[in-house]
Amino acid sequence: MPFQIPTNGKPNIVVVGGGYGAVAARHISAKLDAASHDLILVNPRPYRIHLIATARMVVSDRDDLEKVAFAPYDKLFYNGKGTFVQAVVTAVEKSGDKGGLVILHSGEKIPFAVLVLATGAKWPGPLAFPDDEEAVKEWLTARRKEFSSAKSVVVAGGGAVGLEITGEIKDLWPEKPVTVVQALPQLLNETYPDKFRRRAESSFTARGVTFVYDDFIDDLTSVDGSVKTRNGKTLPGDLVVSAWGTRPNTVYLTSLGSDVLDGNGFVKVKSTLQLQDHPEIFALGDITDIKDIVAANVLSYIKNGTALKKYKGAMEMILITDGKEGGVAYLDALAKSRELLVPMFRGSMGLQ
């Protein structure tokens, strides 16, 4: 998608990342004084992918989810108060005490007065969508063929993604053997109570899913229709699916210095979601371990130099679909299972 970086001399608010970042950009544009600042959103793809829909989308073409789960940015900004730039950000550089430059893969540079970082997480396995638009289509075709042709499947990872992929497989091919290998003694992680984790196991066990706990798959290669675990178990599976946890997509931020990221690659932020030593830079979403108050704070910052709201924590909740008609959650899972929260997702992008 061709783009033109604004060159009218106004300071830029630059948002990097078109997932949570797109939502923040939309909220900023709603109250932004366009006479004082330009708003620019940078993302590698020309659309946002609805992550909740991806487990179903990679397994099959059921529901034609590409038509609704890929949301373009053409209606994102209120009253057109924003510019979309399709590009990969490779580095961020500071210019003096405040402001700096966002470096694109093309070598172009976008100056910023305020920067919002929202590049999300890198996903493993089938959800590791490429950045190129045509490559995404090829990726989906290849993944769907793998799932449909597999005689048995081993899913490496017993978190939400691994379980939802498992549920989609069982919906379409109820008799296809599926084994989930989980490194922990129960599904999910210790964030959730044992009672809920056991309930999740029961839901999938009832559909014929086999679980292996306290074990790991180091080599995802299937040999003669089976795979070996770290503890030496041989499991039937001519398709082995990686569903391990994500890692933050923050390598490009090492240019800001060694103190910006923690040991796990997460951005270190204050309670206002500003970076510790860079008050004009905010971060949100999966690259931090806390959620979003960024839009209000950006608007406050450009108005009077302060960010007023502080993050005070949020309720922990989870919805795990088990195919299209079931699931487990702290609230009604069927709302997600049937529609995958697509209407809510598209509404957040300014789409019907």
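For the structure, check the block above.
Residues numbered from 1 in each chain as written. Predicted model: local features only at pLDDT ≥ 70, side-chain atom pairs only at ≥ 80, totals over all residues. Heavy atoms only, no water.

Draft legend 1. Region of interest: the overall build of the chain. Counting its regular elements, the chain contains 9 helices and 21 strands. The globule rule puts the C-alpha radius of gyration for 352 residues at 20 Å, and the 21 Å found for the chain is close to it. A burial count over the chain gives 49% of its 352 residues as buried. If you sum the accessible surface of the chain, you get close to 16,400 Å²; carbon and sulfur atoms cover 52% of it. Charged side chains of the chain number 41 positive and 41 negative; the gap between the two group centres comes to 5 Å. (Helix = DSSP H or I, 4+ residues; strand = E, 2+ residues; numbered from the N terminus. Rg over C-alpha atoms; globule rule 2.2 N^0.38 Å. Buried < 20%, exposed > 50% of the residue type's maximum accessible area, 1.4 Å probe, protein only. Areas by Shrake-Rupley, 256 points an atom, 1.4 Å probe, with all protein chains shown as cover. Lys, Arg positive; Asp, Glu negative; His and termini not counted. Charge placed at Lys NZ, Arg CZ, Asp CG, Glu CD.)

Draft legend 2. Molecular detail of the packing of aromatic side chains. The full count for this structure, using the stated rule, is 6 aromatic pairs. Ring centres of Phe216 and Trp244 lie 5.3 Å apart, and the angle between their planes is 0 degrees; on these two criteria the pair is classed as stacked. Note that Phe216 is positioned in the loop between strand 13 (210–213) and strand 14 (226–228) and Trp244 in the loop between strand 16 (239–242) and strand 17 (247–248), a separation of 28 residues in sequence. Taking NZ or CZ as reference, Arg143 lies 4.3 Å from the ring centre of Trp139, over its face. Above the face of the Trp173 ring, Lys176 is positioned so that its terminal group lies 4.1 Å from the ring centre. (Phe/Tyr/Trp six-rings, centres within 6.5 Å; stacked < 30°, edge-to-face > 60°. Lys NZ or Arg CZ within 6 Å of the ring centre and 35° of its normal.)

Draft legend 3. Local environment of the environment of Leu188. Position of Leu188 relative to the elements: it lies in the loop between strand 12 (178–182) and helix 6 (194–205). Taking relative accessible area as the criterion, Leu188 reaches 6% and is therefore assigned buried. Along the chain, Leu188 and Ala160 lie 28 residues apart, while their C-alpha atoms are 6.6 Å from each other. For Leu188, the residues in contact, after removing those within four places along its chain, are Gly158, Gly159, Ala160, Leu163, Gln182, Phe196, Arg197, Ile318 and Ile320. (Contact = heavy atoms within 4.5 Å.)

Draft legend 4. Representation of helix 4 (residues 133–149). Spanning 17 residues, helix 4 covers 25 Å between terminal C-alpha atoms, matching the ideal 24 Å at 1.5 Å per step. Turning to helix 4, its buried residues are Val136, Leu140, Arg143, Arg144 and Phe147. All buried residues of helix 4 project into a common sector of 100 degrees when viewed along the axis, lining one side. Opposite the buried face of helix 4, by more than 90 degrees, sit the exposed residues Glu138, Thr141, Lys145 and Ser149. On its buried face, helix 4 sits against strand 3 (47–49), helix 2 (54–59), helix 3 (66–69), strand 4 (70–72), helix 5 (160–172) and strand 16. For helix 4, the N-terminal capping position is held by Asp132, with its side-chain oxygen 3.1 Å away from the main-chain nitrogen of Glu134. (Expected span 1.5 Å × (residues − 1). Arc of directions from axis to C-beta. Polar contact = N/O pair within 3.5 Å; in protein donor to acceptor, adjacent residues only side chain to side chain.)

Draft legend 5. The arrangement of the layout of surface pockets in detail. There is about 150 Å³ of room inside the second largest pocket. Lining the second largest pocket we find His27, Ala30, Lys31, Ala295, Ala296, Leu299 and Ser300. Counting residues per element, the lining of the second largest pocket draws most heavily on helix 7 (residues 294–304), at 4 residues. Taken together, the residues that form the lining of the second largest pocket break down as 4 nonpolar, 2 polar and 1 charged. (1 Å grid on protein atoms, 1.4 Å probe; cavity = no way out; pocket = protein on both sides within 12 Å on 5 of 7 lines; lining within 4 Å. Points joined across faces, edges and corners; volume = space filled by probe spheres on them. Nonpolar A, V, L, I, M, F, W, Y, C, P; charged D, E, K, R; others polar.)

Draft legend 6. Main features of the environment of Gln186. Among the secondary structure elements, Gln186 is positioned in the loop between strand 12 and helix 6. In contact with Gln186, other than residues within four places in its own chain, are Asp194, Arg197, Arg198 and Tyr213. Of the polar contacts made by the side chain of Gln186, one reaches the side chain of Asp194; its length is 2.9 Å.

Draft legend 7. Spotlight on the sheet that holds strand 7 (residues 100–104). Reading across from one edge, 6-7-8 is the order of the 3 strands in this open sheet, with antiparallel pairing throughout. At either end of the open sheet lies a strand with only one pairing partner, and these are strand 6 (89–94) and strand 8 (109–112). Neighbour-to-neighbour, the strand axes of the sheet open up by a mean angle of 20 degrees, direction not taken into account. Bridge count for strand 6 against strand 7 is 5 bridges, and the pairing is antiparallel. Looking at the pairing, Lys94 lines up with Gly100 of strand 7. (Pairing = 2+ DSSP bridges. Axes fitted to C-alpha atoms, helices over the stretch in contact; angles between N-to-C directions.)

Draft legend 8. Here's a closer look at the packing of helix 1 (residues 20–31) against helix 7. Where helix 1 contacts helix 7, the axes come no closer than 8 Å and their chain directions differ by 40 degrees. Comparing their axes, helix 7 and helix 1 come out oblique. For the element pair helix 1 and helix 7, the recorded crossing hand is right-handed. Residue-level inspection shows Ala24, His27, Ile28 and Lys31 of helix 1 in contact with helix 7, the latter providing Ala295, Val298 and Leu299. (Parallel < 35°, antiparallel > 145°, perpendicular 65-115°, else oblique. Left-handed = near helix turned anticlockwise from the far one by under 90°.)

Draft legend 9. Layout of the pairing of strand 8. Burial of the side chains of strand 8 is restricted to one face: Ile110 and Phe112 are buried, whereas none of Lys109 and Pro111 on the reverse face is. Note that strand 7 and strand 8 share 4 bridges and pair antiparallel. Its bridge partner lying in strand 8, Gly100 is registered against Phe112. Linkage of strand 7 to strand 8, two consecutive antiparallel strands, is achieved through a turn of 4 residues, within which Gly107 is found at a positive phi near 95 degrees.

Draft legend 10. Structural context of helix 6. When the terminal C-alpha atoms of helix 6 are compared, their 16 Å separation across 12 residues agrees well with the 16 Å that a helix rising 1.5 Å per residue should span. Buried within helix 6 we find Phe196, Arg197, Ala200 and Phe204. For helix 6, the arc enclosing every buried residue in end-on projection is 100 degrees, short of the 170-degree limit, so these residues lie on one face. Check the buried side of helix 6 and you find it contacts helix 5, strand 13, strand 20 (319–321) and strand 21 (327–329).

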